[in-house]
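Results of the structural survey
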Amino acid sequence: MKRLRRFYDQFIRLRGDPREIALGFALGLFIGTSPTMGFQMIIAAFCASLLGWNKWSAAAGVWITNPFTAPFVYSANYWVGSKLLSQVCPKATAHALAALERAGPIVQKTPHVAASLILGGIVVGVPVAFAGYWLAL
């Protein structure tokens, strides 16, 4: 609880336009739900600087995925993405998997898993970013 309070205090002390801070935080949350673990802070700070939003709040937002929450976030992303992919293009998915039939079982499923994580990250990330924007503002 002390860490959460310390994070909140540091977030409140950020300097700049409240809108830019909130937009940076929302961007960080969105990127935090993407399957780019290990590069999220770099991507968030880079994108925030391109858009003129607060880089520090963007970097803070990516911590929605950390070693404790990542299994839950990525599981939700995969579940949402795989459900959407199976409804949108079941034949295309089956065709892509059939093309990799001779590859090992892990390699066979890689395109579906990657597509599910990316699509799920977008679908989950957008409402999380909107909620984060209003919370930060």
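Keep in mind it's a predicted model, so treat the numbers as computed, not measured.

About the criteria used
One numbering rule holds for all chains: residues counted from 1, following each sequence as written. The predicted origin of the model limits local features to residues at a pLDDT of at least 70 and limits the giving and counting of side-chain atom pairs to 80 or more, whereas totals for whole chains, interfaces and linings rest on all residues. Hydrogens and water molecules were not included; the side-chain quantities draw on all heavy atoms of the structure. In this text, helices come from DSSP runs of H or I with a minimum length of four residues, and strands from runs of E with a minimum of two, each type numbered from the N-terminal end. The cut-offs for exposure are 20% and 50% of the maximum accessible area for each residue type, with area from a 1.4 Å probe on protein chains only; residues under the lower value are buried, those over the upper are exposed, and the others partly exposed. Any pair of residues with heavy atoms lying within 4.5 Å of one another is described as a contacting pair. All accessible areas in this document rest on Shrake-Rupley with a 1.4 Å probe, and a residue is counted as covered only by the protein chains that are shown. Pairs of N or O atoms are called polar contacts if they sit within 3.5 Å, as long as, within protein, a hydrogen donor faces a hydrogen acceptor (for residues adjacent in sequence, only side-chain-to-side-chain pairs). Multiplying one less than the number of residues by 1.5 Å gives the expected span of a helix. Working definition: the arc comes from the directions between the helix axis and the C-beta atoms, pointing outward to the latter. When two rings of Phe, Tyr or Trp (its six-membered ring) have centres within 6.5 Å they constitute a pair, described as stacked for plane angles under 30 degrees, edge-to-face for angles over 60, and tilted for the intermediate range. Helix axes use the C-alpha atoms of the stretch in contact, all axes being lines fitted to C-alpha atoms, and the angles between their N-to-C directions lie in the range 0 to 180 degrees. Each crossing gets its hand from how the near helix is turned against the far one by less than a right angle, where anticlockwise is left-handed and clockwise is right-handed. The residue classification treats Ala, Val, Leu, Ile, Met, Phe, Trp, Tyr, Cys and Pro as nonpolar and Asp, Glu, Lys and Arg as charged. All others, Gly included, are polar. Nonpolar cores were defined as sets of buried Ala, Val, Leu, Ile, Met, Phe, Trp, Tyr and Cys residues, with membership established by side-chain atoms within 4.5 Å. Each patch groups residues whose relative accessible area exceeds 30% and which form no salt bridge, using 9 Å between like charges and 5 Å between nonpolar side chains of Val, Leu, Ile, Met, Phe, Trp and Tyr. For this document, the term salt bridge refers to a Lys or Arg side-chain nitrogen within 4 Å of an Asp or Glu carboxyl oxygen.

Here's the deal with the overall build of the protein chain
A count of helical and extended segments in the protein chain gives seven helices and zero strands. Across the 137 residues that make up the protein chain, the buried fraction comes to 32%. In the protein chain, of all internal contacts separated by at least 6 residues, the share reaching a separation of at least 24 is 71%. Total accessible area computed for the protein chain in this model is approximately 9200 Å², and 71% of it derives from carbon and sulfur atoms.

Observations regarding the side chain of threonine 65
The topology assignment puts threonine 65 in the loop between α4 (55–61) and α5 (70–88). A relative accessible area of 4% means that threonine 65 is categorised as buried. Within the structure, threonine 65 has its side chain in polar contact with the backbone oxygen of glycine 32 (distance 3.0 Å). Contacts of threonine 65, omitting those with residues within four sequence positions, involve Gly32, Met37, Gln40, Val73 and Tyr74.

Focus: helix α3 (residues 40–51)
With twelve residues, α3 ought to run about 16 Å at 1.5 Å a step, and its terminal C-alpha atoms sit 16 Å apart, in line with that. Residues of α3 that are buried include every one of Gln40, Ala44 and Ala48, and no others. The arc that holds the buried residues of α3, viewed along the axis, is 55°, so those residues lie on one side. With respect to the buried face of α3, the exposed residues turned more than 90 degrees away are Ile42, Phe46 and Leu50. A positive phi of about 80° marks glycine 52, the residue just after α3.

Focus on the packing of aromatic side chains
Between two aromatic rings, the relevant description is the distance of the centres plus the angle of the planes. Under the defined criterion, the tally for this structure stands at one aromatic pair. Each ring, one from tyrosine 133 and one from tryptophan 134, has its centre 4.9 Å from the other, and the planes form 80°; the classification is edge-to-face. Exposure remark for tyrosine 133: the relative accessible area of 14% places this residue in the buried category. Using a relative accessible area of 60% as the deciding quantity, one classes tryptophan 134 as exposed.

Some thoughts on the packing of helix α2 (residues 18–32) against α3
When two helices pack together, you describe them by how their axes are tilted relative to each other and by the distance separating the axes. Interaxial distance between α2 and α3 falls to 9 Å at its minimum, and their mutual angle equals 145°. Two packed elements cross with a definite hand, and for α2 against α3 that hand is right-handed. Touching Leu27, Gly28, Ile31 and Gly32 of α2 are Gln40, Ile43, Ala44, Cys47, Ala48 and Leu51, all from α3. Taken together, the residues of the contact of α2 with α3 sort by class into seven nonpolar, three polar and no charged.

What to know about the side chain of serine 116
Relative to the helices and strands, serine 116 is located in helix α7 (residues 105–136). With near-sequence residues (within four places) excluded, serine 116 lies in contact with Asn77, Tyr78, Gly81, Ser82 and Leu85.

What to know about the nonpolar core
Grouped together as the largest cluster of nonpolar side chains are six residues: Leu27, Ile31, Ala44, Ala48, Ala58 and Val62. For this core, the secondary-structure elements that each account for two or more residues are α2 and α3. Those residues in contact with alanine 44 that sit more than four places away from it in its chain are Leu27, Gly28, Ile31, Ala58, Ala59 and Val62. Residues Ala22, Ala26, Ala129 and Tyr133 belong to the second largest nonpolar core, which totals five residues.

Some details on a nonpolar patch on the surface
Among the surface-exposed residues, Ile118, Ile122, Val123, Val126, Phe130, Trp134 and Leu137 lie close enough to one another that they form a single nonpolar patch of about 690 Å² accessible area. Within the fold, leucine 137 resides in the segment after α7. Taking the relative accessible area as the measure of exposure, leucine 137 reaches 46% and is therefore partly exposed.

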